[in-house]
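# Working through the structure, step by step
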Amino acid sequence: MQPIEIAEMLTSQAAVLTSLVVIGIILCFIGYRIFRVYSAVIGFLIGELVGIYVTMNYYENALVAILASAFVGAALFALIDELGLIVTGAAFGYFVGIYLLPEYQIYAFVLAALFALTNLFIEKPLTVLITSVIGASSIVLAVHMGITGAHIYDVLADPKGAFDIMFSNAYFDLLWFTLILTGIITQYVAHKEEVEEEE
């Protein structure tokens, strides 16, 4: 199978929608519980980006450098929880700022810094909220794409436009809020039961 065929298969509508729903459910309902895995995935992606940058500028054996960098990033983020907390908080704050105040990008950076620091000090509540919001958004996006026939490339080309259309519908808003609320409650109940079992 050629690389182009693999890329086409991975970005097919069925594969994308399935991935969005599965990732969304996992993050929404057990995001805090599997934070170390989630953090490792973030580290893997950041490491991969670093590897791509290195190969583009300094190194010729692209695959080895990208994979090595990705696995180092995954291991680092899995071992040091604070890195995942900082990046998660920063990304969440940045996207909230960009979405709410697109004309004033400076506020997106301010919110990114604020959420990154806050996530270190109130780790559990903020991580539960962020993973529930990301998970719910992923599920609602999949439903929207399934109904409208939009492809992932359309969403990536104009993410704000896709989310504007999505959240201009009361049914999507209701689904999103219901998923977030259910996700937060589920994560807190699961965490409480886990603590009680340990005691």
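Provided above is the structure to which this section pertains.
Residues numbered from 1 in each chain as written. Predicted model: local features only at pLDDT ≥ 70, side-chain atom pairs only at ≥ 80, totals over all residues. Heavy atoms only, no water.

## Overview of the side chain of Ser138
Inspection of the secondary structure puts Ser138 in helix H7 (residues 123-148). A relative accessible area of 11% means that Ser138 is categorised as buried. A distance of 2.6 Å separates the side chain of Ser138 from the backbone oxygen of Leu20, its partner in a polar contact. If we ignore the near neighbours within four places in the chain, the residues touching Ser138 are Leu20 and Gly24. (Helix = DSSP H or I, 4+ residues; strand = E, 2+ residues; numbered from the N terminus. Buried < 20%, exposed > 50% of the residue type's maximum accessible area, 1.4 Å probe, protein only. Polar contact = N/O pair within 3.5 Å; in protein donor to acceptor, adjacent residues only side chain to side chain. Contact = heavy atoms within 4.5 Å.)

## As for the nonpolar core
Core analysis: the largest hydrophobic core is formed by 24 residues, its most contacted members being Leu20, Val140, Leu141, Met145, Trp176 and Leu179. Looking at this core, the elements that each hand over two or more residues are helix H2 (13-30), H7, helix H8 (152-157), helix H9 (159-166) and helix H10 (170-198). Setting aside chain neighbours within four positions, we find Leu20 in contact with Ser138, Ile139, Leu141, Ala142 and Met145. If you look at the next biggest cluster of nonpolar residues, it comprises six residues, including Phe35, Tyr38, Ile42 and Leu85. (Core = buried A, V, L, I, M, F, W, Y, C linked by side-chain atoms within 4.5 Å.)

## Re the packing of helix H6 (residues 105-121) against H7
The packing of two helices is summarised by the inter-axis angle and the distance between the axes. Closest axis-to-axis distance for the H6/H7 pair is 6 Å, and the angle between their directions is 125°. Comparing their axes, H7 and H6 come out oblique. The segment H6 lies against H7, with Phe115, Thr118, Asn119, Leu120 and Phe121 engaging Glu123, Leu126, Thr127 and Ile130. Looking at side-chain class alone, the contact of H6 with H7 contains five nonpolar, three polar and one charged residues. (Axes fitted to C-alpha atoms, helices over the stretch in contact; angles between N-to-C directions. Parallel < 35°, antiparallel > 145°, perpendicular 65-115°, else oblique. Nonpolar A, V, L, I, M, F, W, Y, C, P; charged D, E, K, R; others polar.)

## Quick notes on H2
Helix length check: H2 (18 residues) gives 25 Å between terminal C-alpha atoms against 26 Å at 1.5 Å per residue, within 8%. Those residues of H2 not exposed but buried are Val16, Leu17, Leu20, Gly24, Leu27 and Cys28. Along H2, the residues classed as buried sweep out an arc of 115° about the axis, all on the same side. (Expected span 1.5 Å × (residues − 1). Arc of directions from axis to C-beta.)

## Topic: the packing of H2 against H7
One way to put it is that H2 packs onto H7 with a least axis distance of 7 Å and a crossing angle of 155°. Judged by the inter-axis angle, H2 sits roughly antiparallel to H7. Our pair here, H2 against H7, has a crossing hand that is left-handed. When H2 is examined against H7, the residues Gln13, Val16, Leu17, Leu20, Val21, Gly24, Ile25, Leu27 and Cys28 are found in contact with a partner set consisting of Thr131, Ser132, Ile134, Gly135, Ala136, Ser138, Ile139, Leu141, Ala142, Met145 and Gly146. Its residues assigned to classes, the contact of H2 with H7 comprises 13 nonpolar, seven polar and no charged. (Left-handed = near helix turned anticlockwise from the far one by under 90°.)

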